[in-house]
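Fold and geometry: a report
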Amino acid sequence: MSGKLISNDVAISIINDLDLGLKQRQVSSKYGVSIPTIVRVVRKHKLVDLRVNSYNKVSKVFGFGVNDADYCVSPKINGKQVRCEIYCIWLDMLRRCYDPLYINKQLTYINCTVHMDWLKFSVFRSWVLSQDYLNKHLDKDLLNPGNLIYSEENCLFVTSEINGVVVNNHKLSKKEPCGVFMVGSKYISKYAGAYLGTFETEVEASKVYKNEKEERFNYLISTQKDSRIIDGLIKHKKLIWR
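Please read these numbers as outputs of a predicted model, since none were measured by experiment.

Let's shift gears to the overall build of the chain. Within the chain, the regular secondary structure consists of 10 helices and 11 strands. Here the chain, with 242 residues, has 41% of them falling under the buried criterion. Relative to all contacts within the chain whose residues are 6 or more apart in sequence, the contacts with residues 24 or more apart total 53%.

One ladder, built from 4 bridges, connects strand S9 (residues 180–183) with strand S10 (residues 186–191); its direction is antiparallel. Bridge pairing in S10 links Val183 to Lys186.

Below, the discussion takes up the pattern of salt bridges. For the structure shown, the criterion picks out 7 salt bridges. Residue Lys120 is joined to Asp68 by a salt bridge in which the shortest nitrogen-to-oxygen separation is 3.9 Å. You can see Lys120 sitting in the loop between strand S5 (113–114) and helix H7 (121–129) and its partner Asp68 sitting in the loop between strand S2 (65–66) and strand S3 (76–77), a full 52 residues away along the chain. When its relative accessible area of 27% is taken as the criterion, Asp68 is described as partly exposed. As a salt-bridge pair, Lys186 and Glu200 come within 2.2 Å of each other at their nearest N and O atoms.

The terminal C-alpha atoms of helix H5 (residues 85–98) lie 20 Å apart, and with 14 residues this matches the ideal 20 Å at 1.5 Å per residue to within 8%. With 11 of 14 residues buried, H5 is to be regarded as a mostly interior element.

Looking now at the sheet that holds S9. Backbone hydrogen bonds hold the strands of a sheet together, and the pairing may be parallel or antiparallel. Reading across from one edge, S9-S10-S11 is the order of the 3 strands in this open sheet, with antiparallel pairing throughout. Looking at strand neighbours, the two that pair on one side only are S9 and strand S11 (194–199), the edges of this open sheet. Across this sheet, the average inter-strand angle for adjacent strands is 30 degrees, counted without regard to direction. Relative to the sheet, helix H9 (residues 202–223) contacts S9, S10 and S11, its axis offset from that of S10 by approximately 5 degrees.

With their axes 10 Å apart at the nearest point, H9 and helix H10 (residues 227–239) run at an angle of 170 degrees to one another. Between H9 and H10, the angle is such that the two are roughly antiparallel. Contacts from Glu214, Phe217, Asn218, Leu220 and Ile221 in H9 reach Ile230, Leu233, Ile234, His236 and Lys237 in H10. When the residues that make up the contact of H9 with H10 are grouped by side-chain class, the tally is 6 nonpolar, 2 polar and 2 charged.

Moving on: the packing of aromatic side chains. What the rule picks out here adds up to 11 aromatic pairs. Aromatic side chains Tyr102 and Tyr109 sit 5.9 Å apart centroid to centroid with 50 degrees between the ring planes, which places their arrangement in the tilted category. According to the relative accessible area criterion, Tyr102 is partly exposed, its value standing at 26%. An angle of 40 degrees between the planes, with centres 6.2 Å apart, marks the rings of Phe124 and Trp127 as tilted. Within this pair, Phe124 and its partner Trp127 are both found in helix H7, separated by 3 residues, close to a single helical turn. With relative accessibility at 0%, the residue Phe124 sits in the buried group. Given the relative accessible area of 7%, Trp127 is considered buried.

Counting residues in hydrophobic clusters, the biggest one holds 28 residues, and the most contacted among them are Val114, Phe124, Leu138 and Tyr150. The element that contributes the greatest number of residues to this core is H5, accounting for 9 residues. Excluding its chain neighbours within four sequence positions, the residues that come into contact with Tyr150 are Met93, Arg96, Cys97, Tyr109, Thr113, Val114, His115, Trp118, Leu138, Lys140 and Cys155. In terms of nonpolar packing, the next biggest core, distinct from the first, is built from 16 residues, Leu156, Val165, Ile229 and Leu233 among them.

All right, on to the side chain of Ser74 then. By secondary structure assignment, the location of Ser74 is in the loop between S2 and S3. In this structure Ser74 comes out as buried when scored by relative accessible area, which is 2%.

All right, on to the state of the cysteines then. Enumeration over the complete set of coordinates arrives at 0 disulfides. Not part of a disulfide, Cys84 finds its nearest cysteine sulfur in Cys88, a span of 7.0 Å. The structure places no disulfide on Cys112, whose sulfur is separated from the nearest cysteine sulfur, that of Cys97, by 5.3 Å. Given a relative accessible area of 3%, Cys112 falls into the buried group.

Conventions and cut-offs
Residues numbered from 1 in each chain as written. Predicted model: local features only at pLDDT ≥ 70, side-chain atom pairs only at ≥ 80, totals over all residues. Heavy atoms only, no water. Helix = DSSP H or I, 4+ residues; strand = E, 2+ residues; numbered from the N terminus. Buried < 20%, exposed > 50% of the residue type's maximum accessible area, 1.4 Å probe, protein only. Contact = heavy atoms within 4.5 Å. Pairing = 2+ DSSP bridges. Salt bridge = Lys/Arg side-chain N within 4 Å of Asp/Glu carboxyl O. Expected span 1.5 Å × (residues − 1). Axes fitted to C-alpha atoms, helices over the stretch in contact; angles between N-to-C directions. Parallel < 35°, antiparallel > 145°, perpendicular 65-115°, else oblique. Nonpolar A, V, L, I, M, F, W, Y, C, P; charged D, E, K, R; others polar. Phe/Tyr/Trp six-rings, centres within 6.5 Å; stacked < 30°, edge-to-face > 60°. Core = buried A, V, L, I, M, F, W, Y, C linked by side-chain atoms within 4.5 Å. Disulfide = S-S within 2.5 Å.

Pasting the structure below:
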């Protein structure tokens, strides 16, 4: 697309990606445009007016989301751009599912999708406003371990503690078990960054990690009142020893 005229929709998408924090070289690679072209796009399209009048109604966020908000989600207040909190949650959800650059770094989100209803920001926003969401994290697999779909049936908001214990229950790309790290010929066990000990075998280190993990689950289960969260924590606790 370098050297050619680009459509208004593509221009809006470029501006949005830059606003989300992508580097010019990343945007250049994503859309096949030169960096000088990107600079011209930014200069030509004044951010706020373009977003309110066109982006909210036309451009697809990460290629799938539809921002149908009836208000400006990124207003300037006292000269500083402030983004709607619920819009940020929606953006982060879409990023995890549809941004290749993000997924390549966070492999646990491979094959994740967003339910078609939630692709519309207004629908997602209505659901969030009915939830206890302030200072909490949107979780998609506490209720159903291994779930790959963000939807009203699968999601709820949880504290950072609960989010952390569930996220850390998954083995990523390293060959050692969760919480186990090989250093030289020894195996170190850690939980949430805390050192648990050094062991001769991987099995010993893993057992100590799992015991610590189980204690954390037991504590969280004992402090919850929401039966959905309790059931979800019990399901994930069982996965520790599989």
